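The chain contents come next:
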Amino acid sequence: MDELSKRLRSAGHEAVPGRDLWPEVDARIRSPRSQRWKHAAAAVLVFGLGVLAGRGSTADSPVGSHAAASATPLHAAAAVQRAGSDYVAAVARLRDIGAADEALRAQAYEAALGVVAVTAQEATAALDLRDHAALVEEARSAHAAASQQVALLVRRSDQ
Amino acid sequence: MKEEHDGAAIDCGTALLVRRARDGDMIAFRSLYDAHVARVHALSLRLSTDPAEAEELTQDVFVAAWRQLAAYRGTALFSTWLHGITVRLSRQRLRGVLRRRAREEKYMREYTAALSATMPAADIPLERALAQLPRRMRTALVLHAIEGHTQAQTAELMGITEGAVKAHVHKARALLQERLDMNG
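A brief structural summary.

How each quantity is defined
Residues numbered from 1 in each chain as written. Chains lettered and ligands numbered in written order. Predicted model: local features only at pLDDT ≥ 70, side-chain atom pairs only at ≥ 80, totals over all residues. Heavy atoms only, no water. Helix = DSSP H or I, 4+ residues; strand = E, 2+ residues; numbered from the N terminus. Buried < 20%, exposed > 50% of the residue type's maximum accessible area, 1.4 Å probe, protein only. Contact = heavy atoms within 4.5 Å. Buried area = accessible area lost by both parts, 1.4 Å probe. Salt bridge = Lys/Arg side-chain N within 4 Å of Asp/Glu carboxyl O. Polar contact = N/O pair within 3.5 Å; in protein donor to acceptor, adjacent residues only side chain to side chain. Nonpolar A, V, L, I, M, F, W, Y, C, P; charged D, E, K, R; others polar. Core = buried A, V, L, I, M, F, W, Y, C linked by side-chain atoms within 4.5 Å. Arc of directions from axis to C-beta. Phe/Tyr/Trp six-rings, centres within 6.5 Å; stacked < 30°, edge-to-face > 60°. Lys NZ or Arg CZ within 6 Å of the ring centre and 35° of its normal. Axes fitted to C-alpha atoms, helices over the stretch in contact; angles between N-to-C directions. Parallel < 35°, antiparallel > 145°, perpendicular 65-115°, else oblique. Left-handed = near helix turned anticlockwise from the far one by under 90°.

**Remarks on the overall build of chain A**
Phase 1 of the analysis: Looking only at helices and strands, one finds 7 helices and 0 strands in chain A.
Phase 2 of the analysis: Each helix (α) and strand (β) of chain A, taken in turn from the N terminus, gives the series α-α-α-α-α-α-α.
Phase 3 of the analysis: Among the 159 residues that make up chain A, the fraction classed as buried is 38%.
Phase 4 of the analysis: Of all intrachain contacts in chain A linking residues separated by at least 6 positions in sequence, the fraction that spans at least 24 positions is 79%.

**Considerations on the interface of chain B and chain A**
Phase 1 of the analysis: The partner chain A presents 26 residues to the 35 residues of chain B that form the contact.
Phase 2 of the analysis: When chain B packs against chain A, the two sides together hide about 3000 Å² of surface, and 57% of this comes from carbon and sulfur.
Phase 3 of the analysis: Of all residues in chain B, Met26(B), Gln59(B) and Arg67(B) give up the largest surface area on contact with chain A, accounting jointly for 20% of the area buried on that side.
Phase 4 of the analysis: Between Asp2(A) and Arg173(B) there is a salt bridge; the shortest N-O distance is 2.9 Å.
Phase 5 of the analysis: Where chain B meets chain A, there are 12 residue pairs in polar contact (both at pLDDT 80 or more).
Phase 6 of the analysis: Per element, the largest residue contribution to the side of chain B that touches chain A is 11 residues, and it comes from helix H2 (residues 26-48) of chain B.
Phase 7 of the analysis: Counted by class, the side of chain B that touches chain A contains 18 nonpolar, 7 polar and 10 charged residues.

**Overview of unusual backbone geometry**
All names here are of chain B.
Phase 1 of the analysis: You will see that Thr-49, though not glycine, has its phi angle at about 55°, which is positive.
Phase 2 of the analysis: In this structure, Thr-49 sits in the loop between H2 and helix H3 (51-67).
Phase 3 of the analysis: On the basis of relative accessible area, Thr-49 is assigned to the buried category, the value being 7%.
Phase 4 of the analysis: Phi at Ala-121 takes a positive value of approximately 65°, unusual for a residue other than glycine.

**Some remarks on the nonpolar core**
Phase 1 of the analysis: With 28 residues, the main nonpolar core has Phe29(B), Phe62(B), Leu69(B), Phe78(B), Trp81(B) and Leu82(B) as its most contacted residues.
Phase 2 of the analysis: Counting residues per element, the ones that place at least two in this core are helix H2 (22-30) of chain A together with helix H1 (12-22), H2, H3 and helix H4 (78-93) of chain B.
Phase 3 of the analysis: When near neighbours in sequence (up to four residues on either side) are disregarded, Leu82(B) contacts His36(B), Val40(B), Val61(B), Phe62(B) and Ala65(B).
Phase 4 of the analysis: In this structure, Leu47(B), Met137(B), Leu141(B) and Ala145(B) belong to the second largest nonpolar core, which totals 26 residues.

**So, helix H9 (residues 151-158) of chain B**
All names here are of chain B.
Phase 1 of the analysis: Buried within H9 are the following residues: Thr-154, Ala-155, Leu-157 and Met-158. Viewed end-on, H9 has its buried residues packed into an arc of 165°, placing them on one side of the element.
Phase 2 of the analysis: Gly-159 sits one or two positions beyond H9 and adopts a positive phi of about 75°.

**Here we look at the pattern of salt bridges**
Phase 1 of the analysis: The tally for this structure, following the rule as stated, stands at 10 salt bridges over all chains.
Phase 2 of the analysis: Among the ionic contacts, a cluster of salt bridges with common partners joins Arg19(A), Glu24(A) and Glu55(B).

**Focus: the packing of aromatic side chains**
Phase 1 of the analysis: On inspection of all chains with the given rule, the structure shows 8 aromatic pairs over all chains.
Phase 2 of the analysis: Between Tyr72(B) and Trp81(B) the ring centres are 5.2 Å apart and the planes differ by 45°, which places this aromatic pair in the tilted class.
Phase 3 of the analysis: By relative accessible area, which is 14% here, Trp81(B) ends up buried.
Phase 4 of the analysis: Taken together, the ring pairs in this structure connect Trp22(A), Phe29(B), Tyr33(B), Phe62(B) and Trp66(B) into an aromatic cluster.
Phase 5 of the analysis: The positively charged end of Lys106(B) is found above the aromatic ring belonging to Tyr107(B), 4.5 Å away from the centroid.

**A word on the packing of H1(B) against H2(B)**
Residues and elements named next belong to chain B.
Phase 1 of the analysis: As a packed pair, H1 and H2 sit with axes 7 Å apart at the nearest point and diverge in direction by 135°. One element, H1, and the other, H2, form an angle in the oblique class. In the crossing of H1 with H2, the sense of the turn from one axis to the other is left-handed. Residues Thr-14, Leu-17, Val-18, Arg-20 and Ala-21 of H1 form the contact with H2, whose own contacting residues are Ala-28, Phe-29, Ser-31 and Leu-32.
Phase 2 of the analysis: Looking at the contact of H1 with H2 residue by residue, the class counts come to 6 nonpolar, 2 polar and 1 charged.

**Regarding H1(B)**
Residue and element names in this part refer to chain B.
Phase 1 of the analysis: The complete set of buried residues in H1 reads Thr-14, Leu-17, Val-18 and Ala-21. Buried residues in H1, looked at end-on, bunch into an arc of 100°, giving them a common side.
Phase 2 of the analysis: Buried-residue contacts for H1 involve H2, H3 and H4.
Phase 3 of the analysis: Looking one or two residues beyond H1, the residue adopting positive phi is Gly-24, at roughly 100°.

Now the structure itself:
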């Protein structure tokens, strides 16, 4: 074995942290995950749709007038706000699922998070399009699908 | 609690702790943390070359491990599984700025000071040269030549081909040798 290989093999495998990291690890594990991801998911969705609404109002957009007619920034913003409120309320109901249904609750959270992730991706990908009216419509459809999915999960959990 | 390094299944102690931790037993998870934090932190230090980032990354790894325990099947060593999480999270966290910082003497002093404090008998000239390698080369070399993973395991941990691992390791060794020869 050459000298470099020997030195690499002899390099230490362990480095004790200079301070105790466990308290923060413990705190993060114990913090209510549902709160964090619910807020983050709602923020992503509302922000993404809000950005789309703002872009739909760009004066020099080639389809600006069409966008204005079919989805003014005010209409889009109002839709975002309603959708955001509905979505957050639906997700908040997941908290009411009892401890006996912990497995179902975990599945519901994961599914809802997955839907939000897809929604956010669609909203983000849509920003690459030039047709702003299509942007807003896509975002609305994606959000509607996400809300329906969450509502379905909540209904199932209530049965 | 000792882990086998010959590819055999993990020992009963670790398996029992993982099972209990999966059921929500924080004391069991704390035991796993205590047994592996130094190893994860060493890898985090070498991947980040930044003491503060290494501590954040180490915390992230264990938080992620707690949440992904259900995904651990026991076919690989628990430390290997943690290494995989470390590599994946480091890709997300670390950016080019850290690589550039490694070339700045001020940050290099902080990094080697942290190494000396946390890793007894650290080979500082070697660690300095390692820190200056491009990130992917450094990752491949650390996982393969220091942590002892095979090329196949390293490829899986990094999400690249074995051929890419081989190339990274070869180039990394050449660069390392050059730097170590220059610095004496």
